[in-house]
Amino acid sequence: MTQTVEKKRKRQSNAVQTPSKKVDTGILKVTHSSTTDPNARPIIATTPGCTAPSIPFEAYRNDSSILLHSTKHPRLDYTALPTPAKSPLTHYIAVYDPTTQTLDFTPAQHTTLRSTLRSETQQVENSNRERTIGKQREILGETFGTKKAKKAIASKTVNAITKGGNAQGKPNDVETAILGSVAEKAAHIKTEEEEAEAALAAKPIPMPNLKAERVEDVYALDILIPPSDQRLVQIKDWQDNALADIPMDFSNRMTAFRVSEIAKAGEYTKLKALGYLNALLEFHEALAPAGRGGKKVPKKEVLVKKMSTYPETLIDSVRRRFTPGNELNKFQQDYLYTHICALALYVDNFTVEMSNLKDDLKLENKQLAQYFSELGCRVSPPTEKEREVWKMTKAMASATKVAKLKLPLEFPRARAGRRR
């Protein structure tokens, strides 16, 4: 089978002649200039870490090399130091003359250009000069001086160490940078008081006022009872019944033994606190046991029936405050117990005889004492005077504990973890 091969067509000329790619350069002459005089050699300078300025330099001869130096810059001093003679590199400058087609190589001296801050240099020089003269005077003073002079020299040395060696007591740039870094980190370090507040905020207790100057201000009423709930606590019936000596029935001893006396005394805010305390005790009484030591909140209609003397809005508020769901875990139960204890302190003038509360909460003395301790109280047996006021026998007093809130507060120390 015969194959037909087509020849490529030549591109049509556009009447423009294309120059040849080959360029006639002629003959290039290379020359080498050699000079034994280092002063006549050009100088090459590399500038690591700085930019070469457009300023005049002064040349200083050092054996067979040249050193350049300039102080013409407003703030910096520049020095170009020669490369050591043992360096294996040789530097040249090549100059090409197109008219004569000549390339001339000339040996050059290599230097490295550095800059220094003039103020720092002068400061070091002046400091060294002053230190030398001053040291001589101090040596003479220590050797031949009076006791007063020797004491002054010793004091000056201590001050110099304390102030970082600066007679003015002012830190230099490096010290300022270090101090600034330390100050920035120190700003994030908590003080002892801030650490104590953070530790207490993590506990299931009402937040105490650690800056309080009076014991009454440690747990303010607005902390123990939200202001919106205070308006929902109705105490007029208690006041009217107490003034008329009408008996009132309560399911807990804490309220029953205090309501008449407080109402007749006209202590309005304390009666409000007792009303809210009674609501928390009734809420606690309505709870049912749940798994893993928890407490279960009954259904809404059951809870409303058990707390029938309170408005439904207050009942819902109490439930939401101490549990987001339908069960109270250990932390939430502790939060409820410490609020009950704090309200008892408020009602009993910050000295609580714990037997009534122990019976109402069905807790042992040790457990109830721990809740009061977490609030900053000191728990101890009643004093002889208290035993007489409360008309207790010695046997009754031995089984009774008294919680007192006093300043300064005493919180239990954190327990150390067990070693493994």
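What counts and what doesn't
- Residues numbered from 1 in each chain as written.
- Predicted model: local features only at pLDDT ≥ 70, side-chain atom pairs only at ≥ 80, totals over all residues.
- Heavy atoms only, no water.
- UniProt positions renumbered as here; feature names shortened; annotations may be inferred.
- Helix = DSSP H or I, 4+ residues; strand = E, 2+ residues; numbered from the N terminus.
- Buried < 20%, exposed > 50% of the residue type's maximum accessible area, 1.4 Å probe, protein only.
- Polar contact = N/O pair within 3.5 Å; in protein donor to acceptor, adjacent residues only side chain to side chain.
- Contact = heavy atoms within 4.5 Å.
- Phe/Tyr/Trp six-rings, centres within 6.5 Å; stacked < 30°, edge-to-face > 60°.
- Pairing = 2+ DSSP bridges.
- Axes fitted to C-alpha atoms, helices over the stretch in contact; angles between N-to-C directions.
- Salt bridge = Lys/Arg side-chain N within 4 Å of Asp/Glu carboxyl O.

Looking at an unreviewed UniProt entry, one finds the chain named DNA-directed RNA polymerase I subunit rpa49, with Cryoendolithus antarcticus as its source organism. Under the Sequence similarities (unreviewed entry) heading, UniProt states for the chain: "Belongs to the eukaryotic RPA49/POLR1E RNA polymerase subunit family." UniProt, in its Subcellular location (unreviewed entry) section for the chain, records the words "Nucleus, Nucleolus".

Draft legend 1. Region of interest: the side chain of Asn252. By the secondary structure assignment, Asn252 is in the loop between helix 7 (236-243) and helix 8 (253-256). Here Asn252 falls in the buried class, since its relative accessible area comes to 5%. There is a polar contact of 2.8 Å between the side chain of Asn252 and the side chain of Asn278. With near-sequence residues (within four places) excluded, Asn252 lies in contact with Asn278, Leu281 and Asp360.

Draft legend 2. Quick look at the packing of aromatic side chains. All told, the structure shown has four aromatic pairs when counted by the stated rule. Ring geometry for Trp238 and Phe250: centres 5.4 Å apart, planes at 85 degrees, overall edge-to-face. In this pair, Trp238 sits in helix 7 while Phe250 sits in the loop between helix 7 and helix 8, placing the two residues twelve residues apart along the sequence. Owing to a relative accessible area of 12%, Trp238 belongs among the buried residues under this scheme.

Draft legend 3. Layout of the environment of Val95. Tracing the chain through its elements places Val95 in strand 6 (residues 91-97). By relative accessible area, which is 48% here, Val95 ends up partly exposed. Setting aside residues up to four positions removed in sequence, Val95 forms contacts with Thr102, Leu103 and Asp104.

Draft legend 4. Expanded view of the sheet that holds strand 11 (residues 351-353). What the three strands build is an open sheet, ordered 11-13-12; its pairing is antiparallel. At either margin of the open sheet sits one strand with a lone partner, and together these are strand 11 and strand 12 (378-380). Direction aside, the axes of adjacent strands within the sheet are offset by 20 degrees on average. Judged from the three bridges that link them, strand 12 and strand 13 (residues 402-404) form a sheet pairing that is antiparallel. Note that in strand 13 the partner of Val379 across the bridge is Ala403.

Draft legend 5. How the structure looks around the pattern of salt bridges. As enumerated under the stated definition, the model contains 14 salt bridges in all. In this structure, the salt-bridge partner of Glu312 is Lys300, at a minimum N-O distance of 3.0 Å. Of this pair, Glu312 sits in helix 12 (residues 312-322) while Lys300 sits in helix 11 (residues 300-306), and the two are twelve residues apart along the sequence. Looking at Glu312, the relative accessible area reads 40%, which means it is partly exposed. Residue Lys300 is classed as partly exposed on the basis of its relative accessible area, which comes to 45%. Linking Arg387 and Glu384 is a salt bridge whose minimum nitrogen-to-oxygen distance equals 2.5 Å. Of this pair, Arg387 and Glu384 both sit in helix 16 (residues 384-389), separated by three residues, roughly a single helical turn. With relative accessibility at 44%, the residue Glu384 sits in the partly exposed group. Where salt bridges share partners, they join Arg253, Lys358 and Asp359 into one cluster.

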